[in-house]
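These are the residues of each chain, in order.
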Amino acid sequence: MNQDQLKQAVARAAIEYITPKLQADSILGVGTGSTANFFIDMLGELKHDFAGAVASSDSSAQRLKALGIEVLDLNSAGELVAYVDGADEANAQLSLIKGGGAALTREKIVAAVAREFVCIADQSKWVDVLGEYPLPVEVIPMARSYVSRELVKLGGSPIYREGVITDNGNVIIDVHQLTILEPKKLETEINQLTGVVASGLFAHRGADVLLLGTTEGVKTIRPV
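Rules used throughout
- Residues numbered from 1 in each chain as written.
- Predicted model: local features only at pLDDT ≥ 70, side-chain atom pairs only at ≥ 80, totals over all residues.
- Heavy atoms only, no water.
- Patch = residues over 30% accessible without salt bridge, like charges linked within 9 Å, V, L, I, M, F, W, Y side chains within 5 Å.
- Areas by Shrake-Rupley, 256 points an atom, 1.4 Å probe, with all protein chains shown as cover.
- Salt bridge = Lys/Arg side-chain N within 4 Å of Asp/Glu carboxyl O.
- Helix = DSSP H or I, 4+ residues; strand = E, 2+ residues; numbered from the N terminus.
- Buried < 20%, exposed > 50% of the residue type's maximum accessible area, 1.4 Å probe, protein only.
- Lys, Arg positive; Asp, Glu negative; His and termini not counted.
- Polar contact = N/O pair within 3.5 Å; in protein donor to acceptor, adjacent residues only side chain to side chain.
- Contact = heavy atoms within 4.5 Å.
- 1 Å grid on protein atoms, 1.4 Å probe; cavity = no way out; pocket = protein on both sides within 12 Å on 5 of 7 lines; lining within 4 Å.
- Points joined across faces, edges and corners; volume = space filled by probe spheres on them.
- Nonpolar A, V, L, I, M, F, W, Y, C, P; charged D, E, K, R; others polar.
- Core = buried A, V, L, I, M, F, W, Y, C linked by side-chain atoms within 4.5 Å.
- Pairing = 2+ DSSP bridges.
- Axes fitted to C-alpha atoms, helices over the stretch in contact; angles between N-to-C directions.

**Student:** What should I look at first to understand a nonpolar patch on the surface in this one?
**Tutor:** Nonpolar side chains collect at one region of the surface, where I140, M142 and V197 lie side by side and expose about 310 Å² of accessible area between them. Tracing the backbone through its elements, the reader meets M142 in the loop between β7 (135-139) and α5 (144-153).

**Student:** Is there a simple way to think about the side chain of D88 in this case?
**Tutor:** Considering the arrangement of structural elements, one finds D88 in the loop between β3 (82-85) and β4 (89-90). For the buried D88, which has no salt bridge, the nearest side chain bearing the opposite charge is K125, at an N-O separation of 5.3 Å. Within the structure, D88 has its side chain in polar contact with the backbone nitrogen of G99 (distance 3.2 Å). Within the structure, the side chain of D88 is placed 3.0 Å from the backbone nitrogen of G100, a separation counted as a polar contact. Ignoring anything within four residues of it in the chain, the contact list for D88 reads I97, K98, G99, G100, K125 and Y133.

**Student:** I keep staring at empty space enclosed by the protein and nothing clicks. Help me out?
**Tutor:** Empty space among the atoms can be located by rolling a probe the size of a water molecule over them. All told, the structure shown has one cavity of 30 Å³ or more when counted by the stated rule. Along its surface, the largest cavity is lined by S56, A102, A103, L104, T105, R106, E138, T166, D167 and N168. For the lining of the largest cavity, the element with the most residues is helix α4 (residues 104-113), which contributes three residues. Within the lining of the largest cavity, the residues separate by chemical class into three nonpolar, four polar and three charged.

**Student:** When you look at the nonpolar core in this model, what are you seeing that I'm missing?
**Tutor:** Generally speaking, nonpolar side chains in soluble globular proteins are found buried as a group. Counting 29 residues, the largest nonpolar core has I18, L28, V30, F39, L43, L64 and L211 as the members making the most contacts within it. Listing elements by their share of this core, those giving two or more residues are α1 (3-18), β1 (27-30), α2 (34-43), β2 (52-55), α3 (58-66), β3, β6 (117-122) and β12 (209-214). By residue number, the principal contributor to this core is α1, which donates seven residues. Apart from residues no more than four positions distant in its own chain, L64 is found in contact with V30, I40, L43, A53, A55, I69 and V71.

**Student:** Sorry if this is basic, but what is going on with the environment of V113 here?
**Tutor:** Tracing the chain through its elements places V113 in helix α4. Classification of V113 as partly exposed rests on a relative accessible area of 26%. In sequence terms V113 and G29 are 84 residues apart; their C-alpha atoms lie 8.7 Å from each other.

**Student:** Is there a simple way to explain the layout of surface pockets in this structure?
**Tutor:** There is about 250 Å³ of room inside the largest pocket. Lining the largest pocket are 14 residues, with V54, A55, D73, L74 and R106 sitting closest to its centre. Of all the secondary-structure elements, those providing two or more residues to the lining of the largest pocket are β2, α3 and α4. Among the elements that line the lining of the largest pocket, the one with the most residues is α4, at three residues. Here the residues of the lining of the largest pocket are counted per class, giving eight nonpolar, three polar and three charged. Taken as a whole, the second largest pocket encloses approximately 210 Å³ of empty space.

**Student:** Honestly, the sheet that holds β3 in this entry has me stumped. Any pointers?
**Tutor:** Pairing between sheet strands relies on hydrogen bonds along the backbone, with the strands arranged either parallel or antiparallel. Ordered by their spatial adjacency, six strands build an open sheet running β2-β1-β3-β6-β12-β13, and the pairing between neighbours is mixed. Since the sheet does not close on itself, it has two edges, and those belong to β2 and β13 (217-221), each with one partner. Taking the axes of each pair of neighbouring strands and ignoring which way they run, one obtains an average angle of 20° across the sheet. Bridge count between β1 and β2: four bridges; the pairing is parallel.

What follows is the structure, given as structure tokens:
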């Protein structure tokens with residue numbers, strides 16, 4: 001199976017996983033990215049089984065609307081039955097690196113409101129130690145240089161993602177050369193830097209379950 005086929009397999013597994021949890025008044029959180037897009041496309045099959053969705057990005061919202069799924073503002077949605085999204089890296093504790101698509105802040109907000117965070121990923125995203133994938137950090141534009149200097153002190157090599165503006169109007173710094181042995185500690189340290197909106201480390205609120213697409217089939221993984 002190629003990577004797209006693995007992504008399709010985990011998207012299908014996510015549909016099967018959430019279907020029993022949906023009720024007529026359920027609201028579902030939906031993420032952003034290539035794997036999430038496969039899930040969104042399949043979600044159209046269930047659009048009459050739940051009330052609507054909250055999207056973590058404008059692009060996902062448009063994709064949902066095109067399928068006839070009502071997209072709700074999170075402020076009026078209340079608790080979400082589940083949040084389904086991909087990841088750029090995942091470890092055995094189901095701490096994640098996310099934000100390759102620059103939607104990390106909204107993804108964190110939606111995940112925080114969800115009863116269950118269902119992560120979907122292919123086997124290339126599974127790692128023993130987080131950090132090989134550059135860690136995205138969303139930053140207020142005027143703080144970009146200051147935050148970059150502080151990220152160097154934390155052991156990283158920050159690179160400004162030129163030409164990218166988030167849906168919130170901010171910029172992204174990608175932090176390379178990190179070996180993240182204590183994800184919760186590093187997440188806290190980065191979040192405390194003045195000017196940081198959010199980091200792409202999902203450790204304090206990691207995934208509750210990971211549906212991992214492998215050549216042997218989709219594995220259901222819980223945090224150790």
